Amino acid sequence: MNLRLPKKKPQRRFLKDHFQEAQQFRLRALAAFLLVAAALLVLVARFLYLQVVEHDELATRSVNNRVHVMPVAPNRGLVYDRRGRLVAENRPAYRLQIVPEKVDDLEATIEAIGQIMELPEDALERFQESRRRYRDFDSVPLKFNLEESEVARFAVDRHRFDGVEVVSYLSRHYPHGELLTHVLGYVGRLDMDDLDRLEKAGEGGNYRGTTHIGKVGIERFYEARLHGSSGLEKVETNVQGRRLKVLERSDPVHGTDLVLSLDVAVQRAAWDALGDRPGAVVAIDPNDGSVIAMVSKPAYDPNLFVHGISAADYQAILNAPGRPLFNRCLLGGYEPGSTIKPYLGLAGLEMGVIDEQHEVFSTGFFRLPNVSRPYRDWKRGGHGKVNIYGALEQSVNTYFYQLALDLGIDRMHDYLALFGFGSRTGLDLRGESPGLLPSREWKRGRFGTPWYPGETVIAGIGQGFNVVTPLQLASAAATLANGGVRREPRLLYASKRPGDPHAVREEAPVVLQLPVDDPANWDIVREGMRLVVHGARGTARAIAPESGLQIAGKSGTAQVAAQELDEDMDEDTAQHLRHHALFVAFAPADEPTIAVATVVEHGGGGSVEAAPVSRAVIEAWLAQGARP
Amino acid sequence: MKKLVPVWAKWPRPDPWLLAALVLLMAMGLVVLYSASGGNTDVVARQGVRLGVGLLGLLVISQVPPHILRIWTPWLFAIGIALLLATWFFGTGRATSRWLDLGVFRFQPSEVMKLAVPMMMAWYLHPRRLPPDFGVVLVCLVILAVPAVLIARQPDLGTALLVAISGVFALFLSGLRWRVIFGFAGAAVAAAPALWMVMKDYQRQRVLTFLDPESDPLGSGWNIIQSKIAVGSGGVFGKGWLNGTQSRLEFIPERHTDFILAVLSEEFGLVGVLALFAVYLFIVGRCLYIATMANSTYARLLAGSLGLTFFVYVLVNAGMVSGLLPVVGVPLPLISYGGTSIVTLLAGFGILMSMHAHRNFLR
């Protein structure tokens, strides 16, 4: 196409061949159009690929973009005491939550939030921790239970915080605070351990909308029933995650309301009667095994744990005297001391080792043949001649030393085991200790040594290897009181599922119907215990009520330091070295409706320190009138 | 000029076919815009007024004979360069100094160059022997390089490339020899690494995101991913007008400006996309036809390069929306919401109309 033109000519002067140029332009325009068409073909191919080949996948992603399946958390079941008093409730509250994907600089955002409301120092780390259990574009809670002023301040500054929102929710609250802590426990924020446990149980999905879970106590034990099942909501959201409409919804099944057998008034009476002293009170209705009161002191405020306890508060509880986190009712191991005597007396009667008339002469000392060590009575000079009534009334050691020798450790072990000593009672709380009921086999296994007769002697007064929990003491007393029906103690009295008109009674299962050789034997022991309170020489006669109410009881002293029994405890003895005071009781003596075990740590003598507490509990219970 | 014919009897008529195609395109744009803006009639009305005013401008420019345009060309180019230099010193705008505030209104001098560069190329090549020889090509490269470099340092690499390419089209249409073309193309490929070196960080990020959008799905990859989802979920027949969930729920970013094609694809499907492309192809073809019918080198080259540049906008925008090209801020011509590009585009079509209207006027 080159024109052959004289090359040496200056450029400005030449002939333009218009026809030839137009011809060439047409060719170029055609080429250009072909290029355009080719490019357009590539585009069309691309759109064809996206809209036909990839259509299904991209359409799905488009649906996933807008449709979110949101869990609808069920309301946690409420908890009442046996008279309908609310002891764990749900209060409307506000929490602050963040959609991390929508926040450019999480650290800066959390810092900015920290300027308008109080946040813990490790808020960011905690947030990142809890974030792991949420899916992308889910809201992750940052702070629970906002103050109203915090909600207001946030509302003002809201525009500064994209992806941050304040939502209302129901927050767990325990109106009675520390009074019921060791029974109710508390809920706390779900952590990784909880999640692992839930995932293993196949419950992970059910908890997607849930922020709190029962950590200890009733809240933990009955978690599944209290929690209920999560509902689902299919919602259409826009790009900011704002919910535009609900496409589908399945309602959650709210948690079951629980009625506990506890009586808050009785619980309060026990609490107050213990005063500042560390100790435990467990009261059980012998007729149905329901737990009327269960106090372990000191305690702590469970509400502190609900929203994530601060490090300072937690340190304060850990360092508080008397170990408030320790549940003495279930875990406190005490020597039963003389509180074991009624059961041994009953064993002797039932096995024919003794009878009602059988007498023992107490001189103040009891000696085994060829053993120089004397075993003493608590009273200098002894109690003289006593039968089983007197032996119980005055807590005569010599009587039971002899009885123990006559029974032998094997029969003692077997009979005490019937009452549940040495095994878990089966209460509906986790972490109960089985205590310890020694036997020959146990000792050989534990120490590799044979059982010595001296050990049988002191076992006769509940010393030596014996360890019981207050719960076991109360359960055994209830079994004795009702004539031999041993039930698993139960805190759950009734439950009401959502939608049900009435609460349904939950029965405590019977563990064992104890063998009864002669009911009269049981009456003898119970009468002996009645004399402890009402007899002229009863060790606890000081608590005999003027009202005429008959209480049957038995005091006991658990040794803390190895001391000779005749060494009088004096006021100078350091508090932590003083013995624990124990008292078991049931009342009314003829037709018991309550059995109580009381431990006052470092209280000294059982009849002085622990018996009045038991009486206060019994009176508070009976003052309430008939059982509901 | 034939002297005895009355002016009204033979006024320079614009091309009815091209005009009809443009109006059809605008109408399609307004329909999609209504949906993309979430049923906002204000937005649609504002765009409608702009298009109407633009059309009037188009008709006015179509009455200006090409030779007059040619005489003005160097001055327009000089003013454009001056304005670009002015942005260097007095530019406004948030991140970049693209805008010039004239008190009454603000505008981007780079928009002027979109017309001025092809006009200047055509002006320079018009009296010269074609195909251009080496010296002429060199001068042409300077003509397109100066504004391109000035725009690129605003920084607005996308516009710079588009401005440069409009000049390249003029050169191509002028009959530049194929071996030279391939030579330049090879050089351009070889220079790509050098281009990478001079790119700003955000520009590099865009390219990286384009290559692998899923690497940052919530950040820089968001636009591409959401746009592809919108396009693909539309399928063959689309979700229906006003029913596009990606646009209605605001998942598509810039959905009434740069990404409006995603909205169209989602709601009208492949069918709608093909219809749109057909209109565009018709317009480009008509532009090239007008160019071939023109009676001067200036008119031919200018008309041809304007038409091809118009198509490049379509190509780049559609490529971006479908994930074939990196995200560059190029609107879909006459569909995207926004005044600046409408003015430039319709002025360009005005020039084309002028070529057509005056094709029989010998000079």
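Parameters at a glance
- Residues numbered from 1 in each chain as written.
- Chains lettered and ligands numbered in written order.
- Predicted model: local features only at pLDDT ≥ 70, side-chain atom pairs only at ≥ 80, totals over all residues.
- Helix = DSSP H or I, 4+ residues; strand = E, 2+ residues; numbered from the N terminus.
- Rg over C-alpha atoms; globule rule 2.2 N^0.38 Å.
- Buried ≥ 20, exposed ≤ 12 C-beta atoms within 10 Å, placed from the backbone.
- Contact = placed C-beta atoms within 7 Å.
- Pairing = 2+ DSSP bridges.
- Axes fitted to C-alpha atoms, helices over the stretch in contact; angles between N-to-C directions.
- Parallel < 35°, antiparallel > 145°, perpendicular 65-115°, else oblique.
- Nonpolar A, V, L, I, M, F, W, Y, C, P; charged D, E, K, R; others polar.
- pLDDT = per-residue confidence, 0-100.
- Core = buried A, V, L, I, M, F, W, Y, C linked by C-beta atoms within 7 Å.
- Expected span 1.5 Å × (residues − 1).
- Bend = angle between axes of the 7 residues up to and from the residue.
- Left-handed = near helix turned anticlockwise from the far one by under 90°.

### Looking at the overall build of chain B
Step number 1: Tallying secondary structure elements over chain B gives 13 helices and two strands in all.
Step number 2: Taken over the C-alpha trace, chain B has a radius of gyration of 21 Å; the compact-globule value for 363 residues is 21 Å, and the two agree within 12%.
Step number 3: Oriented by its inertia axes, the alpha-carbon framework of chain B measures out at about 65 × 50 × 45 Å.
Step number 4: The buried share of chain B, taken over its 363 residues, is 51%.
Step number 5: Within chain B, counting contacts between residues at least 6 apart in sequence, those at least 24 apart form 71% of the total.

### Here's the deal with the overall build of chain A
Step number 1: Looking only at helices and strands, one finds 22 helices and 23 strands in chain A.
Step number 2: Whereas a compact globule of 628 residues would reach a radius of gyration of roughly 25 Å, chain A reaches 38 Å, over 25% beyond that.
Step number 3: Dimensions of chain A along its principal axes, counting C-alpha atoms only, are 155 × 55 × 45 Å.
Step number 4: Split into buried and exposed, the 628 residues of chain A put 42% on the buried side.
Step number 5: Pairs at least 24 residues apart make up 73% of the contacts formed inside chain A by residues separated by at least 6 positions.

### Structural notes on the sheet that holds strand S22 (residues 580-587) of chain A
Strand pairs in the sheet, formed through backbone hydrogen bonds, run parallel or antiparallel to each other.
Residue and element names in this part refer to chain A.
Step number 1: Read from one edge of the open sheet, five strands run S12-S11-S23-S22-S21, paired in antiparallel fashion. In this open sheet, the two edge strands, each paired with only one partner strand, are strand S12 (291-297) and strand S21 (552-558). Each adjacent strand pair in this sheet contributes to an overall mean axis angle of 10 degrees, direction not counted.
Step number 2: Sheet topology note: the S22/strand S23 (residues 594-600) ladder contains seven bridges and is antiparallel. By the bridge assignment, Phe586 is partnered in S23 with Ala595.

### Focus: the packing of helix H1 (residues 18-53) of chain A against helix H9 (residues 222-234) of chain B
Step number 1: Where H1 of chain A meets H9 of chain B, the closest approach of the two axes is 6 Å, and the angle between their N-to-C directions is 70 degrees. Judged by the angle between their axes, H1 of chain A and H9 of chain B are roughly perpendicular. For the pair H1 of chain A and H9 of chain B, contact is made by Phe47, Leu50 and Gln51 of chain A and by Lys228, Val231, Gly232 and Gly234 of chain B, respectively.
Step number 2: A breakdown of the residues in the contact of H1 of chain A with H9 of chain B according to their chemical character gives three nonpolar, three polar and one charged.

### Describing the pairing of S23 of chain A
A regular strand places its side chains on the two faces of the sheet in alternate fashion.
Residues and elements named next belong to chain A.
Step number 1: Burial of S23 is extensive: seven of the seven residues sit out of reach of the surface.
Step number 2: Alternating positions in S23 separate into two faces, Ile594, Val596, Thr598 and Val600 on one and Ala595, Ala597 and Val599 on the other, with burial throughout.
Step number 3: As paired strands, strand S11 (residues 279-284) and S23 are joined by six bridges and run antiparallel to one another. Paired with Val281 across the strands is Thr598, a residue of S23.
Step number 4: Linking two consecutive strands that pair antiparallel, namely S22 and S23, is a turn of six residues.

### Here's the deal with the sheet that holds strand S8 (residues 231-237) of chain A
Residues and elements named next belong to chain A.
Step number 1: Here we have three strands laid out as an open sheet, ordered S1-S8-S9, and antiparallel in their pairing. Looking at the sheet topology across the chains shown, the edges are occupied by strand S1 (67-72) and strand S9 (243-250). Pairs of neighbouring strands in the sheet enclose a mean axial angle of 30 degrees, with direction left out of account.
Step number 2: Strand direction decides the pairing type here: S8 and S9, joined by six bridges, are antiparallel. By the bridge assignment for S9, Glu236 is matched with Lys245.

### Overview of the interface of chain B and chain A
Step number 1: Between chain B and chain A, the residue contacts involve 41 residues of the former and 32 residues of the latter.
Step number 2: If you list the elements that add at least two residues to the side of chain B that touches chain A, you get helix H6 (157-173), H9, helix H10 (245-248), helix H11 (260-293) and helix H12 (297-321) of chain B.
Step number 3: Broken down by element, the residue count for the side of chain B that touches chain A peaks at twelve residues, all from H11 of chain B.
Step number 4: Split into classes, the residues belonging to the side of chain B that touches chain A amount to 22 nonpolar, 15 polar and four charged.

### Some thoughts on the confidence of the model for chain B
Step number 1: Per-chain confidence: chain B averages 86 in pLDDT, with 91% of residues scoring 70 or above.
Step number 2: Of all secondary-structure elements in chain B, the lowest mean pLDDT belongs to strand S1 (residues 100-101) of chain B, at 63, while H11 of chain B reaches the highest, 95.

### A closer look at the nonpolar core
Nonpolar side chains in soluble globular proteins tend to end up buried together.
Step number 1: If you look at the biggest cluster of nonpolar residues, it comprises 124 residues, and the most contacted ones within it are Ala283 and Val617 of chain A.
Step number 2: Top contributing element to this core by residue count: helix H16 (residues 397-418) of chain A, with ten residues.
Step number 3: Those residues in contact with Val617 of chain A, other than ones at most four positions away along the chain, are Val266, Ala269, Ala270, Ala273, Val281, Ala283, Ala293 and Val596 of chain A.
Step number 4: Grouped together as the second largest cluster of nonpolar side chains are 114 residues, Ala122, Ile143, Leu302 and Met320 of chain B included.

### Remarks on helix H7 (residues 178-198) of chain B
Residues and elements named next belong to chain B.
Step number 1: Taking 1.5 Å of rise per residue, 21 residues should cover 30 Å, and H7 covers 29 Å from first to last C-alpha, within 8% of that figure.
Step number 2: Taking the largest bend as the criterion, H7 deviates by roughly 45 degrees, centred on Ala192, and proline Pro193 comes between one and four positions later.
Step number 3: Counted residue by residue, H7 has zero buried out of 21 residues, so it is predominantly exposed.

### Notes on the environment of Pro321 of chain A
Residues and elements named next belong to chain A.
Step number 1: Checked against the element boundaries, Pro321 lands in the loop between helix H12 (311-319) and helix H13 (328-331).
Step number 2: For Pro321, a count of 8 C-beta atoms within 10 Å corresponds to the exposed category.
Step number 3: Through-space distance from the C-alpha of Pro321 to that of Val282 is 22 Å; in sequence the pair is 39 residues apart.

### Quick word on the confidence of the model for chain A
Should the pLDDT be low somewhere, the predicted coordinates at that spot are not to be read in detail.
Step number 1: Confidence in the prediction of chain A, expressed as mean pLDDT, is 87, and 93% of residues score 70 or more.
Step number 2: Here residues 562-573 of chain A scores under 50 on pLDDT; set against residues more than four positions off or in separate chains, the count is seven contacts.

### Re the packing of helix H1 (residues 16-36) of chain B against helix H2 (residues 41-62) of chain B
All names here are of chain B.
Step number 1: The geometry of H1 relative to H2 is characterised by a closest axis approach of 9 Å and an angle of 160 degrees between their N-to-C directions. In terms of orientation, H1 lies roughly antiparallel with respect to H2. The handedness of the crossing between H1 and H2 comes out as right-handed. Packed against H1, whose contacting residues are Met26, Leu30, Leu33 and Tyr34, the element H2 presents Val43, Val44, Gln47, Gly48 and Leu51 at the interface.

### Quick word on the environment of Gln108 of chain B
Step number 1: Among the structural elements, Gln108 of chain B can be located in the loop between strand S2 (106-107) and helix H4 (109-125).
Step number 2: Placed 233 residues apart in sequence, Gln108 of chain B and Ser341 of chain B show a C-alpha to C-alpha distance of 9.9 Å.

### What to know about unusual backbone geometry
Step number 1: Omega for the bond connecting Lys297 of chain A with Pro298 of chain A falls within 30 degrees of zero, at -5 degrees, which places this linkage in the cis form.
Step number 2: Summarising the element assignment, Pro298 of chain A is placed in the loop between S12 and helix H11 (303-306).
Step number 3: Omega for the peptide link from Ala587 of chain A to Pro588 of chain A comes to -15 degrees, which places this bond in the cis form.
Step number 4: Tracing the backbone shows Pro588 of chain A in the loop between S22 and S23.
Step number 5: Of note in this structure, Glu254 of chain B is not a glycine but carries a positive phi near 50 degrees.
Step number 6: Along the polypeptide, Glu254 of chain B turns up in the loop between H10 and H11.
Step number 7: One non-glycine residue with positive phi stands out, namely Leu334 of chain B, at about 70 degrees.
Step number 8: With respect to the helices and strands, the residue Leu334 of chain B is situated in the loop between H12 and helix H13 (339-357).
Step number 9: Looking at Leu334 of chain B, the number of C-beta atoms within 10 Å reads 25, which means it is buried.

### Considering the environment of Glu129 of chain A
Residue and element names in this part refer to chain A.
Step number 1: With respect to the secondary-structure elements, Glu129 resides in helix H4 (residues 123-131).
Step number 2: Overall, the presence of 14 C-beta atoms within 10 Å leaves Glu129 in the partly exposed class.
Step number 3: Here the alpha-carbon distance between Glu129 and Ala73, two residues 56 residues apart in the chain, equals 21 Å.

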